[in-house]
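Results of the structural survey
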Amino acid sequence: MASLPTAVRSTAPKIARSALQRRAISDVHITRTGKPLVRTQGGRSSLGEHTATVFGATGQLGRYIVNRLARQGCTVIVPYREEMAKRHLKLTGDLGRVVFTEFDLRNTQSIEESVRHSDVVYNLIGRNYPTKNFSLEDVHIEGAERIAEAVAKYDVDRFIHVSSYNANPDSTSEFFATKGYAERVVREIFPETTIVRPAPMFGFEDKLLLKLASVTNLFTANNMQERYWPVHVIDVGEALEKMLFDDNTASQTFELYGPRNYSTAEIAELVDREIYKKRRHINVPKAILKPTAGLLNRVLWWDIMSADEVEREFIDQVIDPSAKTFKDLGMEPSDISKWTYHYLKGFRSSTFYDLPPATEKEMREEKKYIHVLD
Ligand code: NDP
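As a starting point, this report considers the structure included with it. These figures come from a predicted structure and were not determined experimentally.

1. Points about helix α9 (residues 286–299)
Taking 1.5 Å per residue as the helical rise, α9 with its 14 residues ought to reach 20 Å, and the 20 Å between its terminal C-alpha atoms agrees with that figure. Close packing links the buried residues of α9 with β10 (219–220) and α10 (307–312).

2. Re a nonpolar patch on the surface
Residues L295, L296, V299, W301, W302 and I304 make up a contiguous nonpolar surface patch of roughly 670 Å² in combined accessible area. Looking at the secondary structure, you find I304 in the loop between α9 and α10. According to the relative accessible area criterion, I304 is partly exposed, its value standing at 41%.

3. Topic: the pairing of strand β7 (residues 158–162)
The buried fraction of β7 amounts to five of the five residues, a majority that puts the element mostly inside the structure. Taking every second residue as pointing to the same face, both faces of β7 are buried, with R158, I160 and V162 on one and F159 and H161 on the other. Note that strand β6 (residues 120–123) and β7 share four bridges and pair parallel. Across the sheet, V121 pairs through a bridge with F159, a residue of β7. Handedness of the crossover joining β6 and β7 through helix α4 (residues 136–153) is recorded here as right-handed. Strand direction decides the pairing type here: β7 and strand β8 (residues 194–198), joined by three bridges, are parallel. Its bridge partner lying in β8, I160 is registered against T194.

4. Description of the packing of helix α2 (residues 62–70) against helix α7 (residues 233–245)
It is at 8 Å that the axes of α2 and α7 come closest, and there the two elements cross at 45 degrees. It follows from the interaxial angle that α2 and α7 lie oblique. Where α2 crosses over α7, the handedness of that crossing is right-handed. In this structure, α2 uses Y64, I65, R68 and L69 to contact α7, whose residues at the interface are V233, I234, G237, E238, L240, E241 and L244. For the contact of α2 with α7, a count of residues per class yields seven nonpolar, one polar and three charged.

5. Here's the deal with unusual backbone geometry
Phi at S251 takes a positive value of approximately 70 degrees, unusual for a residue other than glycine. Looking at the element boundaries, S251 is found in the loop between α7 and β13 (253–256). Its relative accessible area of 38% is what places S251 among the partly exposed residues. A positive phi angle is found at Y276, which is not glycine, with a value near 55 degrees. Checked against the element boundaries, Y276 lands in the loop between α8 (264–275) and β15 (282–283). Exposure remark for Y276: the relative accessible area of 22% places this residue in the partly exposed category.

6. Brief notes about the packing of aromatic side chains
The description of an aromatic ring pair rests on the distance of the ring centres and on the angle between the ring planes. If you walk through the whole model with that rule in mind, you get ten aromatic pairs. A ring pair is formed by F202 and Y343, whose centres lie 6.3 Å apart and whose planes are at 75 degrees; its orientation type is edge-to-face. Of this pair, F202 sits in strand β9 (residues 201–202) while Y343 is found in helix α11 (residues 340–344), placing the two residues 141 residues apart along the sequence. Like Y343, F202 is buried. Judged by centre distance (5.8 Å) and plane angle (25 degrees), the rings of W339 and Y343 are stacked. For Y343, a relative accessible area of 5% translates into the label buried. Clustering of aromatic rings is evident, with ring pairs tying together F202, F204, W339 and Y343. Here the basic side chain of R106 rests over the ring of F134, its NZ or CZ set 4.2 Å away from the ring centre. The lysine or arginine in question, R312, covers the ring of F176, its NZ or CZ lying 5.9 Å from the ring centre.

Here is what the cut-offs are and how they apply
Residues numbered from 1 in each chain as written. Predicted model: local features only at pLDDT ≥ 70, side-chain atom pairs only at ≥ 80, totals over all residues. Heavy atoms only, no water. Helix = DSSP H or I, 4+ residues; strand = E, 2+ residues; numbered from the N terminus. Expected span 1.5 Å × (residues − 1). Contact = heavy atoms within 4.5 Å. Patch = residues over 30% accessible without salt bridge, like charges linked within 9 Å, V, L, I, M, F, W, Y side chains within 5 Å. Areas by Shrake-Rupley, 256 points an atom, 1.4 Å probe, with all protein chains shown as cover. Salt bridge = Lys/Arg side-chain N within 4 Å of Asp/Glu carboxyl O. Buried < 20%, exposed > 50% of the residue type's maximum accessible area, 1.4 Å probe, protein only. Pairing = 2+ DSSP bridges. Right-handed = clockwise from strand over helix to strand, strands pointing away. Axes fitted to C-alpha atoms, helices over the stretch in contact; angles between N-to-C directions. Parallel < 35°, antiparallel > 145°, perpendicular 65-115°, else oblique. Left-handed = near helix turned anticlockwise from the far one by under 90°. Nonpolar A, V, L, I, M, F, W, Y, C, P; charged D, E, K, R; others polar. Phe/Tyr/Trp six-rings, centres within 6.5 Å; stacked < 30°, edge-to-face > 60°. Lys NZ or Arg CZ within 6 Å of the ring centre and 35° of its normal.

Here's what the structure looks like:
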């Protein structure tokens with residue numbers, strides 16, 4: 001470069017840069033099944049590289065992956081069963097990018113119609129409790145099996161199946177056992193399946209922080225002593241996106257968990273401090289609470305508590321050392337204590353005047369002075 005004339009030296013980097021830009025725009029990526037995909041610069045109105053089907057997109061985690069894909073121009077197929085439950089997802093992408101299709105977990109044809117145009121399928125379907133029409137086995141095992149079969153039939157490039165922490169066919173919890181069994185079934189049908197086991201997730205729509213902050217979380221059976229590594233739902237969404245763009249994650253198992261281990265009692269303490277209220281918790285012996293929860297789950301048509309959730313209170317999260325983690329995706333998960341203010345400020349009484357803290361230090365200091373206005 002030093003021996004080049006000045007005029008050439010000044011244009012050389014420009015040529016190199018524009019050549020790079022051109023290459024990125026016209027980059028053709030050949031998938032495992034030989035389909036050509038055009039790599040674009042991305043952006044909401046660009047023609048995105050992938051067509052993805054996201055089963056279970058109407059749940060807590062669903063929006064964080066649909067949003068990530070749709071905002072870079074990918075076409076996202078959202079199989080749904082309830083008109084109103086999927087409305088918010090339409091806005092995540094440009095016009096025509098988020099495509100809704102009605103499906104039923106027992107209707108193989110509807111599942112096949114949902115996956116056959118896609119090059120990646122995410123299965124986020126899961127239920128915490130059995131319902132009138134679907135047992136945990138129906139949802140976690142048979143549902144996952146039908147989806148995996150459709151994925152194999154249409155030779156979809158990638159299948160990313162969301163399981164659960166502690167997934168183990170021998171678990172005393174039906175939820176963990178069915179999730180563990182489903183992992184085996186999907187791997188048998190489609191060996192390239194990427195299995196993702198998230199820890200209990202926290203976020204705006206979670207069943208952790210919001211439950212502890214609300215008055216309905218009254219009864220527990222294990223004095224809130226179960227321990228786990230809570231994970232931020234946005235981190236899990238980002239990890240799911242990274243897996244799509246890295247084909248090395250095919251056939252791998254990922255355990256996604258936060259940086260610190262907490263008991264539910266410790267999180268409840270964080271929650272109480274944040275909302276300036278003391279929530280009551282009553283401990284009931286397991287022998288009484290488990291059958292009562294089972295009965296309530298059968299007779300009430302809204303979710304309060306199920307027998308299996310009581311059982312899970314007695315099972316701590318165990319990390320599988322052979323599974324990959326956030327680190328293998330180049331990510332640093334964030335800790336729940338950094339997010340309690342963000343997610344729980346709405347639970348504070350309006351009689352307290354709180355300026356939003358700018359830094360963590362200020363946040364600690366601010367809590368020393370609570371200004372009562374009226
Ligand atoms: P949600 O309970 O919020 O959402 C579950 C999704 O599954 C919804 O879209 C729901 O659809 C769908 N679904 C459930 N049953 C059926 C059925 N019978 N037929 C069709 N669709 C069904 O789950 P999350 O988003 O919180 O979790 C995503 C995945 O991660 C799940 O598999 C869950 O088991 C797993 N997981 C979650 C944890 C957490 O802390 N949240 C912890 C560990 C694992 P609809 O809206 O129509 O009901």
